[in-house]
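Fold and geometry: a report
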Amino acid sequence: MIDALQYIGELGLGSRLKRLSETLMRETNLIYDAHNIDFDPYLFPVFKILIDNTCVTTTELQEQLQYTQPAITQALNKLSNKKLVVYSTDKVDKRKKNFRLSKKGKELHKELTPIWQAIDQQIKWLTQGSATNLLHHISYIENQLSKKSLSKRVLENL
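Calculation criteria
- Residues numbered from 1 in each chain as written.
- Predicted model: local features only at pLDDT ≥ 70, side-chain atom pairs only at ≥ 80, totals over all residues.
- Heavy atoms only, no water.
- 1 Å grid on protein atoms, 1.4 Å probe; cavity = no way out; pocket = protein on both sides within 12 Å on 5 of 7 lines; lining within 4 Å.
- Points joined across faces, edges and corners; volume = space filled by probe spheres on them.
- Helix = DSSP H or I, 4+ residues; strand = E, 2+ residues; numbered from the N terminus.
- Nonpolar A, V, L, I, M, F, W, Y, C, P; charged D, E, K, R; others polar.
- Patch = residues over 30% accessible without salt bridge, like charges linked within 9 Å, V, L, I, M, F, W, Y side chains within 5 Å.
- Areas by Shrake-Rupley, 256 points an atom, 1.4 Å probe, with all protein chains shown as cover.
- Salt bridge = Lys/Arg side-chain N within 4 Å of Asp/Glu carboxyl O.
- Buried < 20%, exposed > 50% of the residue type's maximum accessible area, 1.4 Å probe, protein only.
- Core = buried A, V, L, I, M, F, W, Y, C linked by side-chain atoms within 4.5 Å.
- Contact = heavy atoms within 4.5 Å.

1. Here's the deal with the layout of surface pockets
Its boundaries defined by the atoms lining it, the largest pocket holds a volume of some 340 Å³. If you go around the largest pocket, you meet 14 residues; those closest to its centre are T28, Y32, F44, W116 and I119. Looking at the lining of the largest pocket, the elements with two or more residues in it are α2 (13-34), α3 (44-52) and α6 (103-127). Among the residues forming the lining of the largest pocket, the class breakdown is ten nonpolar, two polar and two charged. T58, R95, K96, K97 and F99 are, among the 14 residues lining the second largest pocket, the residues nearest its centre. Looking at the lining of the second largest pocket, the element that brings in the most residues is helix α5 (residues 69-81), giving five residues. A breakdown of the residues in the lining of the second largest pocket according to their chemical character gives three nonpolar, seven polar and four charged.

See below:
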């Protein structure tokens, strides 16, 4: 069967990247589910910055990730609802909230670390191929994932 997005070529690059991103997020969810971990892979970037910093504001998150303010707020709300982050009001500027990992967030981080390392190892393997251009490389990654899913690769190595 012909892959229509591959056939379209460079004009379909955005759609190909979106499809690949959705595949990776879905596969990561399967890995989390296999380990009974309730974590949304879309929250990873915000969660990782909170791991790497003692305390961070929404503005700092926005600047580091180059996400919109509503996207940052939504992610922080989801993390807060899961009790993975807590915040305090800035002593100088009462409008500013300082976010940090909660005890539960720190525990989840420890649980996720070996899983992230296994995912990282497989993603590195998938992205090391030599290709003449970006679309060929994306095709290589897509073809490898169609042969064996990311979740299967990671779970076999955990």
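2. Quick notes on a nonpolar patch on the surface
A contiguous nonpolar surface patch, about 560 Å² in accessible area, is contributed by I2, Y7, I8 and L11. Tracing the backbone through its elements, the reader meets L11 in the loop between α1 (4-8) and α2. Among the residues examined, L11 registers a relative accessible area of 80% and is labelled exposed.

3. Observations concerning the nonpolar core
In terms of nonpolar packing, the biggest core is built from 33 residues, with F39, V46, F47, L50, L79 and L112 touching the most fellow members. Mapped onto this core, the elements with two or more residues apiece are α2, α3, α5, β2 (97-101), α6, α7 (134-147) and α8 (150-157). Counting residues per element, this core draws most heavily on α6, at seven residues.

4. Some points on the pattern of salt bridges
Going through the model one piece at a time under the given rule, you end up with nine salt bridges. In this structure, E142 and R16 form a salt bridge, with 2.9 Å as the shortest nitrogen-oxygen distance. You can see E142 sitting in helix α7 and its partner R16 sitting in helix α2, a full 126 residues away along the chain. For the pair E142 and R16, a shared accessibility class is recorded, and that class is buried.

5. Let's talk about the side chain of R16
Residue class for R16 comes out buried when judged on its relative accessible area of 1%. Ignoring any residue separated from it by four or fewer positions in sequence, one finds R16 in contact with L5, Q6, L135, I138, S139 and E142.

6. Describing the side chain of T57
Here T57 shows up in the loop between α3 and α4 (58-65). Judged by its relative accessible area of 8%, T57 falls in the buried class. Discounting chain neighbours no more than four positions away, the residues touching T57 are K96, K97 and N98.

Without other data, these values stay purely geometric and don't point to any function.
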